Amino acid sequence: MLNKILVALDGSPISAIVFEQALAIAKATQAQLMLLHIFFDDEEGHPLIDPFRGLATLNAQSYAQLQQQWKTYELEWQTRLQSYVEQAETAGVKAELTQSYGNPGRVICDWAWTWDANLIVLGRRGQNRKLGWNLGSVSSYVSQHATCSVMLVDDPQISPSAKTAVSQMLSAR
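Owing to the predicted nature of the structure, the values given are computational and were not obtained by experimental measurement. (Residues numbered from 1 in each chain as written. Predicted model: local features only at pLDDT ≥ 70, side-chain atom pairs only at ≥ 80, totals over all residues. Heavy atoms only, no water.)

Enquirer: Summarise the overall build of the protein chain; cite the residues concerned and give the values.
Expert: When its secondary structure is counted, the protein chain shows six helices and five strands. Helices and strands appear in the protein chain in the N-to-C order β-α-β-α-β-α-β-α-α-β-α. Of all 173 residues assigned to the protein chain, the portion counted as buried reaches 40%. (Helix = DSSP H or I, 4+ residues; strand = E, 2+ residues; numbered from the N terminus. Buried < 20%, exposed > 50% of the residue type's maximum accessible area, 1.4 Å probe, protein only.)

Okay, structure coming up:
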C-alpha cells in the first residue's frame, strides 16, 4: 500500500511532469507527498556558479553578496515548493516540503529512508549539464540504492534516439 510518496524536484522542465504524476498517484491511493529539492553545486541558478566559482577567499563585501544571493535562491525554491504544496492540498492531497543540501542521489535515498517513503518519484533526466548527470546518474543511483519503489518519469523532450542511447547505457551497468 502506498501512503508516503517522496517527490524529488529540480529546476528542469520535467519537474512539473514529475509533480503531476506523483499527485495523480497520491490522489488515487490517498497517499501523502513529501516534496524535496536538493541544493547542489552544479545546479542551474545555484549562486556559486556565477561570479564566485573558483575563488579561494572572499572579501567581506563579496561574502555578503553571496549570502544575499543564497537567501534569494533558497526563498525562490521555498516559494516554488509551497506552490506545489498548495496545488496538492487543493486536490485533496496532504503535502509537505523540504530542502536539503548534498549529492542528489544520496540525499533522495536518505530522505526516503528517514521519512519511510513507499515510493520515490523523480525525473530520469535532470537539469545538470555534466555528461554523467544528463545521462541519468541521479535516477540510476536512486533506482539502485533506494529502500523503496522508484518511479522514473521520462523527459518528453528527449528524442527517441537519445532515449535509446540512455536506456542502453543504463542497462549496460
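Enquirer: Describe the pattern of salt bridges, listing the residues and the values that go with them.
Expert: Summed over all chains, the structure comprises one salt bridge. Here arginine 124 ties to aspartate 154 by a salt bridge, and the two come within 3.2 Å at their closest N and O atoms. Of this pair, arginine 124 sits in the loop between strand E4 (119–123) and helix H4 (131–134) while aspartate 154 sits in the loop between strand E5 (149–153) and helix H6 (160–172), and the two are 30 residues apart along the sequence. Residue arginine 124 is classed as buried on the basis of its relative accessible area, which comes to 13%. (Salt bridge = Lys/Arg side-chain N within 4 Å of Asp/Glu carboxyl O.)

Enquirer: Can you break down the nonpolar core residue by residue, with the values?
Expert: Of all hydrophobic cores here, the largest spans 26 residues; its most connected members are Ile5, Val7, Leu9, Phe19, Leu33 and Leu35. No other element matches helix H1 (residues 14–29), which puts seven residues into this core. Not counting the four nearest positions on each side in its chain, leucine 9 is found in contact with Ser15, Val18, Phe19, Leu35, Leu36, His37, Ile38, Trp77, Leu81 and Tyr84. Core analysis: the next-biggest nonpolar cluster, separate from the first, contains 17 residues, Met34, Cys109, Ala117 and Ile120 among them. (Core = buried A, V, L, I, M, F, W, Y, C linked by side-chain atoms within 4.5 Å. Contact = heavy atoms within 4.5 Å.)

Enquirer: Lay out the sheet that holds E5 in plain terms, naming residues and giving numbers.
Expert: Taken in spatial order, the five strands make up an open sheet running E3-E2-E1-E4-E5, and their pairing is parallel. One side of each edge strand has no neighbouring strand; the edge strands of this open sheet are strand E3 (95–101) and E5. The mean inter-strand angle of the sheet, taken between neighbouring strand axes irrespective of direction, is 20°. Examined bridge by bridge, strand E1 (residues 4–9) and strand E2 (residues 32–39) share six bridges and lie parallel to one another. If you follow valine 7 over to E2, its bridge partner there is leucine 35. Each of E1, E2, E3 and E4 touches helix H3 (residues 104–115); the most contacted strand, E2, lies at about 150° to it. Packed onto the sheet, helix H5 (residues 137–145) meets E4 and E5 and runs at close to 165° relative to E4. (Pairing = 2+ DSSP bridges. Axes fitted to C-alpha atoms, helices over the stretch in contact; angles between N-to-C directions.)

Enquirer: Let's hear about the side chain of threonine 98: which residues, and what values?
Expert: Along the chain, the position of threonine 98 falls in strand E3. If sequence neighbours within four positions are ignored, threonine 98 has contacts with Met34, Leu35, Leu36, His37, Leu81 and Trp111.

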